[in-house]
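Here is what each chain is made of, one letter per residue.
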Amino acid sequence: TVGNKDSVAETAPHFASITVLGGGQMGAGIAQTAATFNYTVNLVDMSDDALSRGQGYIIKSLKRVAKMRFKGDEPQQSRFVDDVLSRIKLSTDTESAAAGADLIIEAIIEQIETKRAVFGVLDKVAPAEAILASNTSSLPIGAIGEAVGDKRKGQLAGLHFFNPVPQMKLVEIVRTERTTDETIDRLRAFAKSIDKAPVLCRDTPGFIVNRLLVPYLAEAIRMLERGDATAEDIDTAMKCGAGYPMGPFQLLDYVGLDTVKFILDGWYKEGEGLAGSDLVRPSEKLDELVRNGRLGVKSGAGFYDY
Ligand code: NAI
């Protein structure tokens, strides 16, 4: 059965073989998590370099988990790491990795044209019963799946994980107008089997979390621009007064200012129900930070220095 001794998995394996496309931060995290709960995973990226980078993230994260789970027992720690790694096969061949999978999770670069082309290929090579899911944060699932044939439209959905995937409990399952109840049920069961908390949302910009979070972050930046309060005080206020684990500026820096700008700009331009709205009006301050390469924690500086 799926699940190790710490899991809350309730049922038998929901998918015999999972393929994850994109071995970046998210794809690596998804592959690691599924493999930890005994799924067999094919992790696909475009080059061996990208794959070994992805594998590097996985090993680092697994070692940390192993240290906590098997305190002081080094042989057991390395057995755990090797065991999980043995279920993750690395590949640069999308077509053959997709041909043997019954769940395919796409976590490649956030570009609509690239994703669309990839889903067109997946639809052709994946087994008829396979579910095609995208981990996109900001693109409509329906638009990504435009090239997916009519027969499989019911098996197309969003499966949106949060960063870092091994730690974050939530998975948003996103249904288009065509996604079937059976597909939703299978994805929900899968999410539970890897110890996640699934929620269901319509195919709308930002789904649940980002639809609420991004306007909040944008308003925090506007508050700073207006000189209402300092970044430090706004962060302290939200942590100590609203019980948030991080303040908005810490979170902005963690998520990456380029990512937040990309989402805001896209929604302001053409987000369903959001285009032209003050809720997502681009910010001069944010644009300037991104222009100067201050992208947050990953670049060493954002609203704060690291
Ligand atoms: P990333 O840039 O770390 O990784 C993307 C990977 O995809 C790279 O290794 C790249 O080489 C690979 N790739 C690009 N085109 C490919 C193709 N055609 N076939 C196979 N691999 C390909 O990006 P990250 O952060 O992992 O994001 C991936 C997706 O996950 C995006 O759609 C993003 O919106 C979504 N996402 C990101 C979150 C985050 O916090 N970073 C959170 C939730 C979702």
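Residues numbered from 1 in each chain as written. Predicted model: local features only at pLDDT ≥ 70, side-chain atom pairs only at ≥ 80, totals over all residues.

**Student:** Residue-level account of the overall build of the chain, with values.
**Tutor:** What the chain contains, in helices and strands, is 12 helices and 8 strands. For 306 residues, the compact-globule estimate of 2.2 N^0.38 gives 19 Å, and the chain sits close to it at 20 Å. Reported as C-alpha extents along the three principal axes, the dimensions of the chain are approximately 55 × 55 × 35 Å. Expressed as a percentage of the 306 residues in the chain, the buried residues total 41%. The long-range fraction of contacts in the chain, counting pairs at least 24 apart against all pairs at least 6 apart in sequence, stands at 66%. (Helix = DSSP H or I, 4+ residues; strand = E, 2+ residues; numbered from the N terminus. Rg over C-alpha atoms; globule rule 2.2 N^0.38 Å. Buried ≥ 20, exposed ≤ 12 C-beta atoms within 10 Å, placed from the backbone. Contact = placed C-beta atoms within 7 Å.)

**Student:** Any details on the domain arrangement of the chain? Residues and values, ideally.
**Tutor:** Under the domain assignment, the chain is made up of domain 1 (18-202) and domain 2 (210-297). Once you take the C-alpha centre of each, domain 1 and domain 2 turn out to be 28 Å apart. (Domains from an automatic or database assignment.)

**Student:** Pulling in residues and values, what's your account of the site of the ligand?
**Tutor:** Near the ligand, the surroundings consist of 24 residues, among which G22, G24, M26, S137 and N163 are the closest. At the level of elements, α1 (25-36) and α5 (112-125) are the ones that each hand at least two residues to the shell around the ligand. The element best represented in the shell around the ligand is α1, accounting for 3 residues. (Near = placed C-beta within 6 Å.)

**Student:** An account of helix α7 (residues 181-193) is requested, with residue identities and associated values reported.
**Tutor:** With 13 residues, α7 extends 18 Å between its outermost C-alpha atoms, agreeing within 8% with the 18 Å of an ideal straight helix rising 1.5 Å per residue. Those residues of α7 not exposed but buried are T183, R186, L187, F190, A191, K192 and S193. D195 sits one or two residues past α7 and shows a positive phi near 65°. (Expected span 1.5 Å × (residues − 1).)

**Student:** Residue-level account of the packing of helix α9 (residues 231-242) against helix α10 (residues 248-255), with values.
**Tutor:** Put simply, α9 and α10 touch, their axes get as near as 7 Å, and they point 105° apart. In terms of axis orientation, α9 runs roughly perpendicular to α10. Of the residues in α10, those in contact with A231, I234, D235 and M238 of α9 are P248, F249 and Q250. Tallied by class, the residues present in the contact of α9 with α10 amount to 5 nonpolar, 1 polar and 1 charged. (Axes fitted to C-alpha atoms, helices over the stretch in contact; angles between N-to-C directions. Parallel < 35°, antiparallel > 145°, perpendicular 65-115°, else oblique. Nonpolar A, V, L, I, M, F, W, Y, C, P; charged D, E, K, R; others polar.)

**Student:** I'd like to hear about the nonpolar core, residue by residue, with values.
**Tutor:** By size, the foremost hydrophobic cluster in this structure holds 53 residues, and its most contacted members are V20, A31, L103, I104 and L132. For this core, the element with the highest residue contribution is α1, accounting for 6 residues. In this structure, A31 is in contact with V20, V41, L43, I58 and I88, ignoring residues within four places of it in sequence. (Core = buried A, V, L, I, M, F, W, Y, C linked by C-beta atoms within 7 Å.)

**Student:** Please give an account of the packing of helix α8 (residues 209-225) against helix α11 (residues 257-270) that cites residues and values.
**Tutor:** Where α8 meets α11, the axes come as close as 11 Å, and the angle between the chain directions of the two elements is 105°. As far as their axial angle goes, α11 and α8 are roughly perpendicular. Residues N210, V214, L217 and A218 of α8 lie in contact with α11, whose contacting residues are V260, I263 and L264. Its residues assigned to classes, the contact of α8 with α11 comprises 6 nonpolar, 1 polar and no charged.

**Student:** Could you give me a rundown of the sheet that holds strand β7 (residues 170-175), with the residues and numbers involved?
**Tutor:** If you walk across this open sheet you meet the 8 strands as β3-β2-β1-β4-β5-β6-β7-β8, and the pairing is mixed. Strands at the two margins of the open sheet, each flanked by one partner only, are β3 (88-91) and β8 (197-202). Each neighbouring strand pair of the sheet contributes to a mean axis angle of 25°, computed without reference to strand direction. Note: strand β5 (residues 131-134) against strand β6 (residues 156-161), 3 bridges, orientation parallel. The residue bridging S134 from the neighbouring strand is G158, located in β6. (Pairing = 2+ DSSP bridges.)

**Student:** Any details on unusual backbone geometry? Residues and values, ideally.
**Tutor:** Going from N163 to P164, the amide bond is cis rather than trans, its omega being -5°. Within the element layout of this structure, P164 appears in the loop between β6 and β7. In this model, D195 sits at a positive phi of 65°, which is unusual for a non-glycine residue. Relative to the helices and strands, D195 is located in the loop between α7 and β8.

**Student:** Could you give an account of the pairing of β6, naming the residues involved and the relevant values?
**Tutor:** Most of β6 is tucked away, with 6 of its 6 residues classed as buried. The side-chain alternation of β6 yields two buried faces, one formed by L156, G158 and H160 and the other by A157, L159 and F161. The pairing of β6 with β7 spans 5 bridges and is classified as antiparallel. Following the sheet pairing, G158 is matched in β7 by V174.

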